Amino acid sequence: MIPGNFAYHRPADVAAAARLLQEYGDEAQILAGGHSLIPMMKLRMAQPSHLIDLQDIAGLKGIGRDGDRLVIGAMTTQHELIGDPLVAEAVPLLRAAAVQIADPQVRYVGTIGGNVANGDPGNDMPGVMQCLDASFELTGPGGTREVRARAFYEAAFTTARAEDEILTRVIVPVPKAGSGYAYLKQKRKIGDYATAAAAVLLGVENGSCASAAIAMTNLAATPVFAEAAGAALVGTTLDDAAMDAAIAAMLAAIDPATDNRGPIEFKRHVARQMLRRAIAEAAGRAGRGTA
Amino acid sequence: MDKLHVKLQVNGKPVEALVEPRLLLIHFLREELGLTGPHIGCETSHCGACTVDIGGRSVKSCTVFTAQANGAEITTIEGIKGADGGLHTLQEMFREHHGLQCGFCTPGMITRAWRLLEENPDPSEAEIRQGMAGNLCRCTGYQNIVKAIRAAADARHAQKEAAE
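Residues numbered from 1 in each chain as written. Chains lettered and ligands numbered in written order. Predicted model: local features only at pLDDT ≥ 70, side-chain atom pairs only at ≥ 80, totals over all residues. Heavy atoms only, no water.

A word on the sheet that holds strand β4 (residues 63-66) of chain A. Residues and elements named next belong to chain A. Sheet architecture is open: 5 strands sit in the order β4-β5-β10-β6-β7, paired in antiparallel fashion. At either end of the open sheet lies a strand with only one pairing partner, and these are β4 and β7 (143-148). Taking the axes of each pair of neighbouring strands and ignoring which way they run, one obtains an average angle of 25° across the sheet. Sheet analysis places strand β6 (residues 135-140) next to β7, joined by 6 bridges and oriented antiparallel. Its bridge partner lying in β7, Ser135 is registered against Arg148. Lying over the sheet, helix α1 (residues 14-24) contacts β6 and β10 (166-173), oriented at roughly 125° with respect to β10. (Pairing = 2+ DSSP bridges. Helix = DSSP H or I, 4+ residues; strand = E, 2+ residues; numbered from the N terminus. Axes fitted to C-alpha atoms, helices over the stretch in contact; angles between N-to-C directions. Contact = heavy atoms within 4.5 Å.)

Accessible area lost upon the coming together of the parts is a frequently used measure of interface size. With 33 residues of chain B at the interface, the matching set in chain A holds 33 residues. Three residues, Arg22, Phe65 and Gln68 of chain B, lead the burial of chain B against chain A; their summed loss comes to 25% of the area buried on that side. At the boundary of chain B with chain A, the tally comes to 1 salt bridge. Between Asp103 of chain A and Lys60 of chain B there is a salt bridge; the shortest N-O distance is 2.5 Å. Along the contact surface separating chain B from chain A lie 17 residue pairs in polar contact (both at pLDDT 80 or more). Looking at the side of chain B that touches chain A, the elements that each hand over two or more residues are β4 (57-60), α3 (106-119) and α4 (125-131) of chain B. Take the side of chain B that touches chain A: its biggest share by element is 4 residues, from β4 of chain B. Residue classes in the side of chain B that touches chain A are distributed as 11 nonpolar, 14 polar and 8 charged. (Buried area = accessible area lost by both parts, 1.4 Å probe. Salt bridge = Lys/Arg side-chain N within 4 Å of Asp/Glu carboxyl O. Polar contact = N/O pair within 3.5 Å; in protein donor to acceptor, adjacent residues only side chain to side chain. Nonpolar A, V, L, I, M, F, W, Y, C, P; charged D, E, K, R; others polar.)

Residue and element names in this part refer to chain A. What the 3 strands build is an open sheet, ordered β1-β3-β2; its pairing is parallel. Looking at which strands have only one partner, the edges of the open sheet turn out to be β1 (7-9) and β2 (28-31). Strand-to-strand, the axes of this sheet are offset by a mean angle of 25°, without reference to chain direction. In this structure, β1 lies alongside strand β3 (residues 50-53), joined through 3 bridges in parallel fashion. Pairing of His9 across the sheet is with Ile52, part of β3.

Structure below.
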């Protein structure tokens with residue numbers, strides 16, 4: 001499997017990358033870790049004439065805390081995210097999801113920016129980012145803007161990012177101390193995308209659910225932020241009736257398709273199980289003092 | 001398409017070449033440099049037979065362009081050896097514990113296990129299984145592969161103690 005030919009660019013800063021993107025328009029593709037793009041190029045399903053490799057741009061690396069927000073450079077790899085003490089302490093849901101992505105080799109090169117910008121409904125981080133109400137910083141010729149993850153995904157592989165914009169940073173609000181979290185993912189084998197996965201973030205006060213966010217992965221053409229499912233938990237003690245109501249609301253929001261991971265009914269079944277377990281796991285973690 | 005001038009270190013030796021930007025690293029290593037230790041298995045970044053070490057990271061070289069590795073330090077199975085130039089402890093232990101059957105996956109397994117032990121010199125069985133999850137053995141010889149890696153960790157620990 002030999003990809004089509006292309007010109008290779010390795011700009012030193014975001015401005016130079018943006019200029020290349022403007023110059024070559026839809027003939028160019030951004031190359032981050034490449035583990036989604038290169039397989040598509042080998043299949044000739046992607047045939048960019050220009051590849052703009054972001055690896056030399058130091059400003060796109062690293063993780064920092066800015067008040068109550070965690071700011072993650074787009075070229076931060078899943079491996080770096082998993083090993084980062086700040087992430088583990090401030091937003092452990094990110095780590096819980098990252099360890100379930102692909103396999104160790106892929107995580108060494110796969111980036112957070114690539115994962116969220118690609119728009120592949122199979123990617124795990126888009127749903128996680130919707131659950132966390134994260135935003136993406138986009139840098140284009142007109143400067144930068146931020147778009148919420150909940151408003152970013154329009155269709156499969158179609159996002160709010162304009163052709164001449166680069167996703168430069170991921171901005172994650174740090175959940176309140178004591179929040180419960182879980183990312184539950186069913187997959188056929190290591191390295192596969194989810195058959196169904198559920199991201200859950202819960203705030204619990206005095207035994208009652210004060211806030212809840214739920215998002216689902218690979219169950220529609222985009223990640224599904226199931227707002228009504230979260231709302232069904234708020235004000236409850238997270239008992240069985242509340243869980244059933246949240247699951248019913250989630251099932252009304254997803255729209256899975258039959259493929260080699262199974263028929264629609266199976267996916268709905270797995271979605272139900274993943275969400276039930278994720279709520280239980282998140283509830284078990286809530287109130288332990290670390291978010 | 002213009003060829004690209006790349007300079008990298010492969011197994012400690014400087015290498016320079018003119019390559020097409022689309023040349024995958026596995027093809028560069030095997031066909032241009034004659035390093036046929038890294039194997040082409042699935043070609044879809046699943047099996048791990050093509051694993052090489054790029055700048056301290058285990059990477060599937062079927063899913064990296066040579067251009068991306070420009071300037072990097074690469075280690076392949078050919079560069080993994082013992083202090084005396086003979087077999088590395090990991091290789092000894094794969095032999096001792098029957099960690100290979102047909103041998104096709106072995107270069108990738110050992111190259112990956114080498115980085116795993118560099119990062120975590122004393123891994124539990126669960127950590128070995130997680131750390132090796134990107135390498136497939138179609139003989140399904142995982143049990144002995146895990147044993148061999150654990151034995152290599154023990155042997156390296158013993159060597160270190162003996163040296164101190």
